[in-house]
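The chain contents come next:
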Amino acid sequence: MLCENKLVCYCIKPFTYFYPMDNIKQISTEFIEENTDFLALISEIKSHFSSDEVIVPMRHHHDFPNPKVQADSTLLLMPAWNPSKNAGVKIVTVSPENGQFEMPSIQGTYIYFDAIKGSIKAILEAKSLTVKRTAAASALASSYLSKENASSLLMIGTGALSVNLIKAHASVRPIKKVFIWGRNFEKATAIATQLKHEDFEITPVKSIEEKMSDVDIISCATLSKTPLVFGKHLKAGQHIDLVGAYKKDMREANDEAITKSSVFVDTFQGGLKESGDIVIPLQNGTLQEEEIKADLFQLCSNQKIGRTSETEITLFKSVGHALEDLAAANYYYNKFTNE
């Protein structure tokens, strides 16, 4: 009998020890929204890009049939880990027909692990995490690529990223004037109203062309399949930040914009394969792979330099990277636990 009791004890205790579900932190959208200091988040992401410790395999992309709605869904898995420190994976589903269920097409969760023990430390809401880290990555690039005295910004797009991109760029440069354009002018007006108490003046505009040649930074976050940023409107010294157009058949900048610019990407791993802004110019010969100046790994580790003159036009293409997710998860977890 004693032997049986011991056996039961040995079976139960490991289970209880290795799966302490009550200790898993739940980090919500509200917490992320209310606890983002972009300068601190940018610094966290920079430290991850400047390190050679973080391991990021290619993301898993799985399309699977969804016969009830007669459209495929997609499962994306984006892992990253810093050995003996932290690890995480973002799990995202894309269900294009979710409108009929009054649900968003893209849903996701980030699972943050203790990389030594393998236990789950936190579960974070992935949409807000992704939005914040994406904006921070663009601002990190801008700190290397835009002019230090850049004081004006044109924001193209009125989606969830727009407010965050504006705030992130304004955290690294002395932005005084912001102009925002969207296909729906009312949305642009609403965002301008939302940001009216910031330290910059923000104005909705009805056409891109009226301000494109006047500003120091152009940030673009759309799902456009046709270019919105045209090289003929660019002026010396500008910085172009392309964040949308995440598929190979999407574009936010035309060939002339690419030709006139020094081109940088967040990572060569994804930047050369995922977005039409880079893929199409590579395919048609407008851009050669060796002409791409650097990625964020090289910039943050000082292997390559960014802007080289006041007149240079720089262009940064972001497609996102699991390293950014891990850095952001680490940042918010530490905030949440006050570590």
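Look above for the structure.
Quick caveat, the model's predicted, so the values are computed rather than measured.

Engineer: Looking at this structure, I do not really get the side chain of Glu-252. What am I missing?
Structural biologist: Residue placement: Glu-252 occurs in the loop between β11 (239–242) and α8 (255–259). Although buried, Glu-252 forms no salt bridge, and the nearest oppositely charged side chain, Lys-317, lies 4.2 Å from it. Here Val-243 takes part through its backbone nitrogen, which lies 3.4 Å from a polar atom of the side chain of Glu-252. Residues in contact with Glu-252, not counting those within four places in the same chain, are Cys-220, Ala-221, Thr-222, Pro-227, Leu-228, Val-229, Leu-242, Val-243, Gly-244, Ala-245, Asp-277 and Lys-317.

Engineer: Please clarify how the sheet that holds strand β3 (residues 73–82) should be interpreted in this entry.
Structural biologist: The strands that make up a sheet pair up through hydrogen bonds in the backbone, lying either parallel or antiparallel. Pairing in this open sheet of six strands is mixed, and the strands run β1-β6-β5-β4-β3-β2 from one edge to the other. Sheet topology places β1 (25–27) and β2 (60–64) at the edges, where each strand pairs with a single neighbour. The average angle at which neighbouring strand axes cross in this sheet is 15°, direction not considered. Where strand β5 (residues 106–114) and strand β6 (residues 120–125) come together, five bridges link them in antiparallel fashion.

Engineer: Explanation requested: unusual backbone geometry in the structure shown.
Structural biologist: Among all residues save glycine, negative phi is the norm, and among peptide bonds the norm is trans. Although it is not a glycine, Ser-84 sits at a positive phi angle of roughly 65°. For Ser-84, a relative accessible area of 53% gives the class exposed. Positive phi, normally seen in glycine, also occurs at Glu-102, with a value near 55°. When you line up the elements, Glu-102 lands in the loop between β4 (86–94) and β5.

Engineer: Mind showing me how you'd approach the nonpolar core here?
Structural biologist: The nonpolar side chains of soluble globular proteins are, as a tendency, buried together. If you look at the biggest cluster of nonpolar residues, it comprises 61 residues, and the most contacted ones within it are Leu-41, Tyr-112, Leu-124, Leu-140, Ile-166, Ile-202 and Tyr-332. If you tally residues by element for this core, the top one is helix α12 (residues 322–337), at nine residues. Residues Cys-220, Leu-234, Ala-257 and Leu-272 belong to the second largest nonpolar core, which totals 26 residues.

Engineer: What am I meant to see in the packing of aromatic side chains here?
Structural biologist: Inspection of the entire model under this criterion finds four aromatic pairs. With 5.0 Å between their ring centres and 70° between their planes, Phe-31 and Phe-336 make a pair best called edge-to-face. Placement of the pair is Phe-31 in helix α2 (residues 29–34) and Phe-336 in helix α12, with a sequence separation of 305 residues. Taking relative accessible area as the criterion, Phe-336 reaches 32% and is therefore assigned partly exposed. On the basis of an interplanar angle of 50° and a centroid distance of 5.2 Å, the ring pair of Tyr-112 and Tyr-333 is categorised as tilted. Residue Tyr-112 is found in strand β5, and its partner Tyr-333 is found in helix α12; the two are separated by 221 residues along the sequence. The residues Tyr-112 and Tyr-333 share a single accessibility class, namely buried. In this arrangement the basic side chain of Lys-206 is found over the ring face of Phe-185, its NZ or CZ atom lying 5.0 Å from the centre.

Cut-offs and rules
- Residue numbering note: each chain is counted from 1, following its sequence as written.
- Residue-level local features of this predicted model are given only where pLDDT is at least 70; pairs of side-chain atoms are given and counted only at 80 or more, and the full residue set underlies all totals for whole chains, interfaces and linings.
- Side-chain calculation: all heavy atoms of the structure are included, whereas hydrogens and water are not.
- Only DSSP runs of H or I with at least four residues qualify as helices, and only runs of E with at least two residues qualify as strands; both kinds are numbered from the N terminus onward.
- Each residue gets one of three labels from its accessible area relative to the maximum for its type: buried under 20%, exposed over 50%, partly exposed in between, using a 1.4 Å probe on protein chains only.
- Counted charges follow a simple rule, with Lys and Arg positive, Asp and Glu negative, and His plus the chain ends left uncounted.
- Salt bridges are defined as contacts in which a side-chain nitrogen from Lys or Arg sits within 4 Å of a carboxyl oxygen from Asp or Glu.
- Side-chain atoms alone can form a polar contact between residues adjacent in sequence; in general such a contact is a pair of N or O atoms within 3.5 Å, and within protein one must be able to donate a hydrogen while the other accepts it.
- The contact criterion used is simple: two residues touch if any of their non-hydrogen atoms lie within 4.5 Å.
- Should DSSP find at least two bridges between two strands, the strands are regarded as paired.
- Axis definition: a line fit to C-alpha positions, over the contact stretch in the case of helices; interaxial angles, taken between N-to-C directions, run 0 to 180 degrees.
- For the purposes of this section, nonpolar cores are sets of buried Ala, Val, Leu, Ile, Met, Phe, Trp, Tyr and Cys residues that join through side-chain atoms within 4.5 Å.
- Two aromatic rings, drawn from Phe, Tyr or Trp (for Trp, its six-membered ring), form a pair once their centres lie within 6.5 Å of each other, and the interplanar angle then sorts them: stacked below 30 degrees, edge-to-face above 60, tilted otherwise.
- Distance and angle both matter: a charge sits over a ring if NZ of Lys or CZ of Arg is within 6 Å of the ring centre and within 35 degrees of the ring normal.

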